Amino acid sequence: MNKVKAAVFASGTGSNFEAMMNCKELACEIVLLVCDNPGASVIEKATDFGVQTFVLNPKAFKDKHVYETEVLQVVRESEVEWIFLAGFMRLVGPTLLNAYQGKILNIHPSLLPAFPGKDAIGQAYRAGVEVTGVTVHYIDEGMDTGPIIAQKQVEVLPEDTEETLKYRIQKVEHELYPEVINQVVRMKRLWPVE
Ligand code: GRF
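Residues numbered from 1 in each chain as written. Predicted model: local features only at pLDDT ≥ 70, side-chain atom pairs only at ≥ 80, totals over all residues. Heavy atoms only, no water.

**A look at helix α1 (residues 15-22)**
Looking at α1, one finds that the buried residues are Ser 15, Asn 16, Phe 17, Ala 19 and Met 20. Against β1 (4-10), β2 (28-35), α2 (42-49), β4 (82-85), β5 (104-108) and α6 (162-187) lie the buried residues of α1. (Buried < 20%, exposed > 50% of the residue type's maximum accessible area, 1.4 Å probe, protein only. Helix = DSSP H or I, 4+ residues; strand = E, 2+ residues; numbered from the N terminus. Contact = heavy atoms within 4.5 Å.)

**A short note on the packing of helix α5 (residues 120-127) against α6**
Contact pair α5 / α6: the axes reach a minimum separation of 10 Å and the direction vectors enclose 125 degrees. Looking at the two axes, α5 sits oblique to α6. At the point where α5 passes α6, the crossing takes the right-handed sense. Listed contacts from α6 to Ile 121, Gly 122, Tyr 125 and Arg 126 of α5 are Glu 162, Leu 165, Lys 166 and Ile 169. Residue composition of the contact of α5 with α6, grouped by class: 4 nonpolar, 1 polar and 3 charged. (Axes fitted to C-alpha atoms, helices over the stretch in contact; angles between N-to-C directions. Parallel < 35°, antiparallel > 145°, perpendicular 65-115°, else oblique. Left-handed = near helix turned anticlockwise from the far one by under 90°. Nonpolar A, V, L, I, M, F, W, Y, C, P; charged D, E, K, R; others polar.)

**Some details on the sheet that holds strand β3 (residues 52-55)**
Strands sit in the order β3-β2-β1-β4-β5-β6-β7 across an open sheet of 7 strands; the sheet is mixed. Whereas interior strands pair on both sides, the edge strands pair on one side only; in this sheet they are β3 and β7 (148-155). Direction aside, neighbouring strands of the sheet carry axes that sit 20 degrees apart on average. On the sheet, α6 packs against β1, β2, β4, β5, β6 (131-138) and β7 and is oriented at approximately 155 degrees with respect to β7. (Pairing = 2+ DSSP bridges.)

**Comments concerning the pairing of β5**
For β5, the buried fraction is high: 5 of the 5 residues fall into the buried class. Of the two faces of β5, the one lined by Ile 104, Asn 106 and His 108 and the one lined by Leu 105 and Ile 107 are each fully buried. Relative to β5, β4 runs parallel, the two being bridged by 3 bridges. Bridging from a neighbouring strand, Leu 85 pairs with Asn 106 of β5. Of the pairings in the sheet, the one linking β5 to β6 comprises 4 bridges and is antiparallel in character.

**Some words on the site of the ligand**
The immediate surroundings of the ligand are formed by Thr 13, Gly 14, Ser 15, Asn 16, Gly 87, Ile 107, His 108, Pro 109, Gln 170 and Glu 173. At 2.7 Å from an oxygen atom of the ligand is found a main-chain nitrogen or oxygen belonging to Gly 14. Separating an oxygen atom of the ligand from a side-chain N or O atom of Glu 173 is a distance of 2.3 Å. Here the ligand loses 84% of its free accessible area of 360 Å² to cover by the protein chains. Tallied by class, residues from the shell around the ligand come to 2 nonpolar, 7 polar and 1 charged. (Near = heavy atom within 4 Å. Polar contact = N/O pair within 3.5 Å; in protein donor to acceptor, adjacent residues only side chain to side chain. Areas by Shrake-Rupley, 256 points an atom, 1.4 Å probe, with all protein chains shown as cover.)

**Observations regarding α5**
Residue pairs three or four apart in sequence face the same way in an α-helix, which turns once every 3.6 residues. Residues of α5 that are buried: Ala 120, Ile 121, Gly 122 and Ala 124. Where α5 is buried, its residues meet β5, β6 and α6. Residue Gly 128 follows α5 closely and has a positive phi angle near 75 degrees.

**As for the environment of Val 51**
Turning to its location among the elements, Val 51 is positioned in the loop between α2 and β3. Here Val 51 falls in the buried class, since its relative accessible area comes to 8%. Once the C-alpha coordinates of Val 51 and Val 34 are considered, the two residues, 17 residues apart in sequence, prove to be 10 Å apart. Ignoring anything within four residues of it in the chain, the contact list for Val 51 reads Phe 17, Met 21, Ile 30, Val 31, Leu 32, Leu 33 and Ala 46.

**Quick look at the nonpolar core**
Within soluble globular proteins, side chains that are nonpolar tend to cluster in buried spots. Ranked by size, the top nonpolar core spans 39 residues in total, and within it Met 20, Leu 33, Phe 84, Leu 105, Tyr 177 and Ile 181 carry the most contacts. The dominant element in this core, judged by the number of residues it contributes, is α6, at 9 residues. In terms of nonpolar packing, the next biggest core, distinct from the first, is built from 22 residues, Phe 9, Val 31, Leu 85 and Leu 96 among them. (Core = buried A, V, L, I, M, F, W, Y, C linked by side-chain atoms within 4.5 Å.)

See the structure below:
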């Protein structure tokens, strides 16, 4: 049976993209990588996996609507049903949100609503919290807002540096994201329609 198709949107390293690709039991097929950063190493990873890439520079477009219309056309051509943001450093606007309502997930390296935005691991580390973690959530128009689907805690150890904490958080991400994707895709759970 053919799996439902999905796209990953990423701007950077792509370790979460790689984890999804390496997950043999993933309930969907990643058919497309959308990347807004032509220098990102995730592009090379996608090419190695034989995944179609669509790389574009948002600054080359008149505004967000025009840019997202272009993206929308490509995801639709690829028959994408789900979109997974994985280090995509850009707020998704109404053009994509309305077209894929309840079908866009994001992963964030903190226990939201704590430490939204950039450098969440550094924010938590500097705040001196004893526990931080990972959140997978549906997106809405806000920055790291939207209904939370799953969270996993990661303890901050006394001997942790920001680097060692990041390493452990990312290990959790690489397990949690594919797990949650499978739950959501299999249950065909739509938000906000349950
Ligand atoms: C991850 O920590 C993710 O939670 C955050 O951006 C990072 C992306 O890392 N949104 P990678 O590109 O998947 O390695």
